[in-house]
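A look at the structure
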Amino acid sequence: LGIKWMVDSAEFVSNWPGAATYHPAMPFVALLLVTFGGLWVCLWRTRWRFIGLIPFVLGTLTFLIPPQINPRPDVFVADDGISVAVRLADNRLAVRSKSLEDFTVQTWLQRNGKRQGDFTQMVSWFDMMERGGEEGITCIGTTCIYTKDTKRVAFPMSRDDVPALCDKVDLIIAPSDATPCPDKTIVPQVAEQRGAYTLFIT
């Protein structure tokens, strides 16, 4: 009965307007502050344990920090090296994946500060290619190039397109492991070994 009351109250509160808010993933420093503050409060027994509330509160309020200080990733690369996403100027994600409902894609959406399943915050990569790109992204054929400031990242879908990009861009998210410009590429084999990537264009 007690568990039922808990579940019922949770469902009741979750239906209130504003019951949940969504924010970008907190920076690593914020995680350290929250952890340190929480441990300080829990481990000490004297009154000065409440000093730990200061770093705890500061860490939890990091979602108020503007993006200029707490930058968000510009490019997401899955551990298969094939599924990718790029953050557009309006903060939506242009996503190249078999399905926008994919678990990895939904995780990227949450990390970008949006609710899971909010498809208005995503753009299909393949629809974008047909239009020739979006703001900040230019697509010619099956190759799209993302530009931010003076940096350019290429996303070719065919390995035959890679050689022509070597001298034109700063980074290539390659579709295969065979590449003529290895110093500029993230290939599926590397992503598979090291895990998913988030890239910050600075």
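Heads up: the structure comes first, above all this text.
Residues numbered from 1 in each chain as written. Predicted model: local features only at pLDDT ≥ 70, side-chain atom pairs only at ≥ 80, totals over all residues. Heavy atoms only, no water.

1. Overview of the sheet that holds strand S4 (residues 122–124)
Reading across from one edge, S4-S3-S2-S1-S11 is the order of the five strands in this open sheet, with mixed pairing throughout. Two strands bound the open sheet, and with one partner strand each, they are S4 and strand S11 (197–199). The mean angle between the axes of side-by-side strands here comes to 20 degrees, regardless of whether they run parallel or antiparallel. In the sheet, strand S1 (residues 75–77) pairs with strand S2 (residues 84–87) via three bridges, with the strands oriented antiparallel. (Pairing = 2+ DSSP bridges. Helix = DSSP H or I, 4+ residues; strand = E, 2+ residues; numbered from the N terminus. Axes fitted to C-alpha atoms, helices over the stretch in contact; angles between N-to-C directions.)

2. Topic: the pairing of strand S3 (residues 93–96)
The alternating pattern of S3 places Leu93 and Val95 and Ala94 and Arg96 on opposite faces, both of which are buried. Across four bridges, the pairing between S2 and S3 is antiparallel. In the sheet register, Ala85 faces S3, and the bridge partner there is Val95. Adjacent in sequence and paired antiparallel, S2 and S3 are bridged by five residues, among which Asn91 carries a positive phi angle near 80 degrees. Here S3 pairs with S4 via three bridges, running parallel. Following the sheet pairing, Leu93 is matched in S4 by Met122. Viewed along the sheet, the connection from S3 through helix H4 (residues 103–111) into S4 turns out right-handed. (Buried < 20%, exposed > 50% of the residue type's maximum accessible area, 1.4 Å probe, protein only. Right-handed = clockwise from strand over helix to strand, strands pointing away.)

3. Observations regarding the environment of Ala196
Following the sequence through the fold, Ala196 ends up in the loop between helix H6 (188–194) and S11. Spatially, the C-alpha atom of Ala196 lies 16 Å from that of Ser176, the residues being 20 residues apart in sequence. Aside from chain neighbours lying at most four places away, what touches Ala196 is Val77, Ala78, Asp79 and Ala191. (Contact = heavy atoms within 4.5 Å.)

4. Considering the pairing of strand S6 (residues 137–140)
Burial of the side chains of S6 is restricted to one face: Ile137 and Cys139 are buried, whereas none of Thr138 and Ile140 on the reverse face is. Examined bridge by bridge, strand S5 (residues 133–134) and S6 share two bridges and lie antiparallel to one another. Looking at S6, one finds that Glu134 is bridged to Ile137. Note that S6 and strand S7 (residues 143–148) share four bridges and pair antiparallel. Within S7, the residue paired with Ile137 across the bridge is Tyr146.

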